[in-house]
Protein chains: 2
Amino acid sequence: MVQKQYRTKWKDSITEYLESHADQCFSAADIYAELKGKEASINLTTVYRNLEKLTESGKLMKYKAAGEDAYRYQYVEPYGNCQEHIHMQCRECGKLFHLECSFMKELTGHLLEHHGFMLEGQGSMLSGLCGMCKKNC
Amino acid sequence: MVQKQYRTKWKDSITEYLESHADQCFSAADIYAELKGKEASINLTTVYRNLEKLTESGKLMKYKAAGEDAYRYQYVEPYGNCQEHIHMQCRECGKLFHLECSFMKELTGHLLEHHGFMLEGQGSMLSGLCGMCKKNC
DNA sequence: TATAAAATTGCAAATAACTTGCAAATGCAA
DNA sequence: TTGCATTTGCAAGTTATTTGCAATTTTATA
Ligand SMILES: [Mn+2]
Ligand SMILES: [Mn+2]
Ligand SMILES: [Zn+2]
Ligand SMILES: [Zn+2]
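Residues numbered from 1 in each chain as written. Chains lettered and ligands numbered in written order. Predicted model: local features only at pLDDT ≥ 70, side-chain atom pairs only at ≥ 80, totals over all residues. Heavy atoms only, no water.

**Overview of the overall build of chain A**
- A tally of helices and strands in chain A yields 5 helices and 6 strands.
- Reading the secondary structure of chain A in the N-to-C direction produces α-β-α-α-β-β-β-β-α-β-α.
- Principal-axis analysis of the C-alpha atoms places the extent of chain A at approximately 55 × 45 × 25 Å.
- Across the 137 residues of chain A, 42% fall into the buried class. (Helix = DSSP H or I, 4+ residues; strand = E, 2+ residues; numbered from the N terminus. Buried < 20%, exposed > 50% of the residue type's maximum accessible area, 1.4 Å probe, protein only.)

Next comes the structure, spelled out in structure tokens:
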């Protein structure tokens, strides 16, 4: 059973920070660095535990970039159920993009019909360069 | 500069094992378990070092399954440059499939034209259920 | 508002999967 | 056969993350 969540200073701070930077992704260490300067300093364990809870509750998406060894978290609540589409991640800036368009149906259709493969959003990640980084590279 | 490789007992054993199970992927620990029973017992560090070299030389592909915390290695030499296409991994049996068909062009085309995203094979992994596991599930 | 159960926190210690340093052993080109 | 380059084994180091536990905070309810 999913357990109740209490509202706390740190959960609020973390949520607020990620929500106001919803187009970027951060590691636990990033967030720790950001919030440990505050009046009362946060603890790294607390960062991990809150990120885990916020992920479970669907506010964040947790994923690991190819070649990186730390998880990154991004605020994705407005994108609803991120299980129904797949994602693209920019290997340069790390940003996450949601493949929420009609092409999803073509993709799942092709994979199923020609390869017998039933695509799932969970764990599917495309890597490459986003429009911005493509220009500046 | 890429350095010369000597042929050794352990490199041969690891290659042979992975090549003869080319439709499956294994973790370093799997291979260590498999080969440590042999006459002369292998060392885990040696497993890691050889897997790394075999990957660099293009014989193996190294990837991390969604949700797993250890890398897996699969013999992919016959598939040539696995940078030019993307892969599908079965979340049930772990097998890796190569998306080597004309749909790759449609996929890269769509992503570039409609999302400004330049897809790269390196690090792109689709997750789901393969035909076999779909049936048995 | 007082109370108690449940959730959260901080700190230190534990994990897990690798990686590295170094001296000894092995492979190979000449 | 020799000599240099690569590989190996072992112990120790890293890094990101998790866990145990006692103290603190939150929240529901009396
Ligand atoms: Mn999404
Ligand atoms: Mn391939
Ligand atoms: Zn980018
Ligand atoms: Zn399968």
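**Points about the protein's contact with DNA strand C**
- Taken together, 22 residues are adjacent to DNA strand C, and Tyr-6, Thr-46 and Arg-49 of chain A together with Tyr-48 and Tyr-71 of chain B come closest.
- Counting only atoms of DNA strand C within 4 Å of the protein, the fraction found in sugar and phosphate groups is 72%.
- A distance of 3.4 Å is found between a phosphate oxygen of DNA strand C and a side-chain nitrogen or oxygen belonging to Gln-3 of chain A.
- At 3.2 Å, a backbone N or O of Arg-7 of chain B approaches a phosphate oxygen of DNA strand C.
- Tallied by class, residues from the surface near DNA strand C come to 6 nonpolar, 9 polar and 7 charged. (Near = heavy atom within 4 Å. Polar contact = N/O pair within 3.5 Å; in protein donor to acceptor, adjacent residues only side chain to side chain. Nonpolar A, V, L, I, M, F, W, Y, C, P; charged D, E, K, R; others polar.)

**Remarks on the pairing of strand β3 (residues 72–75) of chain B**
Residues and elements named next belong to chain B.
- Along β3, one buried face is formed by Arg-72 and Gln-74 and the opposite face, lined by Tyr-73 and Tyr-75, is buried too.
- Summarising the sheet, strand β2 (residues 60–63) and β3 pair through 4 bridges and their orientation is antiparallel. Following the sheet pairing, Leu-60 is matched in β3 by Tyr-75. (Pairing = 2+ DSSP bridges.)

**Considerations on the relation of the copies chain B and chain A**
- Superposition record for chain B on chain A: RMSD 0.2 Å, screw rotation 179°, translation along axis 0.1 Å. The transformation relating the two chain copies, once decomposed into turn and shift, fits a two-fold axis. Among all residues of chain B, the one whose C-alpha sits closest to the rotation axis is Met-125 of chain B, at a distance of 2.8 Å.
- Same-surface contact between copies: 100% of interface residues of chain B are shared with the interface of chain A. (Least-squares fit on C-alpha atoms with pLDDT ≥ 70 in both. Contact = heavy atoms within 4.5 Å.)

**A closer look at the interface of chain B and chain A**
- Facing the 32 residues of chain B at the interface are 32 residues of chain A.
- With both chains or domains summed, chain B and chain A bury close to 2,700 Å², and 67% of this area falls on carbon and sulfur atoms.
- Of all residues in chain B, Phe-103, Phe-117 and Leu-126 of chain B bury the most surface against chain A, accounting for 22% of the area lost on that side.
- Where chain B packs against chain A, one counts 2 salt bridges.
- As a salt-bridge pair, Arg-91 of chain A and Glu-120 of chain B come within 2.4 Å of each other at their nearest N and O atoms. (Buried area = accessible area lost by both parts, 1.4 Å probe. Salt bridge = Lys/Arg side-chain N within 4 Å of Asp/Glu carboxyl O.)

**A closer look at the coordination of the zinc ion (ligand 3)**
Residues and elements named next belong to chain A.
- Within the protein, Cys-90 (SG), Cys-93 (SG), Cys-130 (SG) and Cys-133 (SG) serve as the donor atoms for the zinc ion (ligand 3), at 2.2 to 2.4 Å.
- Classification of the site at the zinc ion (ligand 3) as tetrahedral follows from its 4 donor atoms and the range of 105 to 117° in their angles at the metal.
- Each donor residue of the zinc ion (ligand 3) lies on the same chain, and together they follow the pattern C-x2-C-x36-C-x2-C. One end of the pair, Cys-90, is in strand β4 (residues 87–90); the other, Cys-130, is in the loop between β6 (118–129) and α5 (131–135), and 40 residues separate them in sequence. (Donors = N, O, S within 2.8 Å, 3.2 Å for Na, K, Ca; no water. Tetrahedral: all angles 85-135°; square planar, octahedral: opposite > 155°, others 65-115°.)

**A short note on the sheet that holds β6 of chain A**
- As summarised here, the arrangement of the 6 strands in space is β5(A)-β4(A)-β6(A)-β6(B)-β4(B)-β5(B), forming an open sheet in which the pairing is mixed. Edge positions in the open sheet fall to β5 (96–98) of chain A together with β5 (96–98) of chain B, since each of these has one partner strand only. Averaged over all pairs of adjacent strands, the angle between their axes in this sheet comes to 20°, without regard to strand direction.
- Sitting on the sheet, helix α4 (residues 103–115) of chain A touches β6 of chain A together with β4 (87–90) and β6 (118–129) of chain B, and the angle it makes with β6 of chain A is about 115°.
- Running over the sheet, helix α4 (residues 103–115) of chain B touches β4 and β6 of chain A together with β6 of chain B and is turned about 115° from β6 of chain B. (Axes fitted to C-alpha atoms, helices over the stretch in contact; angles between N-to-C directions.)

**What about the pairing of strand β3 (residues 72–75) of chain A?**
- Direction of pairing for strand β1 (residues 26–27) of chain A relative to β3 of chain A: antiparallel, over a ladder of 2 bridges. Across the sheet, the residue bridging to Ser-27 of chain A is Arg-72 of chain A, located in β3 of chain A.

**Brief notes about helix α3 (residues 44–56) of chain A**
All names here are of chain A.
- Its 13 residues give α3 an end-to-end C-alpha distance of 19 Å, which sits within 8% of 18 Å, the value for a rise of 1.5 Å per residue.
- Those residues of α3 hidden inside the fold are in contact with α1 (9–19), α2 (28–35), β2 (60–63) and β3.
- Where α3 begins, one side-chain oxygen reaches toward the backbone nitrogen of Thr-45, 2.8 Å away; that side chain belongs to Asn-43.
- At the C-terminal side of α3, Gly-58 shows a positive phi close to 90°. (Expected span 1.5 Å × (residues − 1).)

**Remarks on the coordination of the manganese ion (ligand 1)**
All names here are of chain A.
- Note on the manganese ion (ligand 1): its protein donors are Cys-82 (SG), His-85 (NE2), His-87 (NE2) and His-98 (ND1). The metal-donor distances range over 1.9 to 2.3 Å.
- Written as a sequence motif, the donor arrangement for the manganese ion (ligand 1) is C-x2-H-x1-H-x10-H. Of the two residues, His-87 is situated in strand β4 and His-98 in strand β5; the sequence distance between them amounts to 11 residues. Across the pair, His-98 and His-87 agree in class, each one buried.

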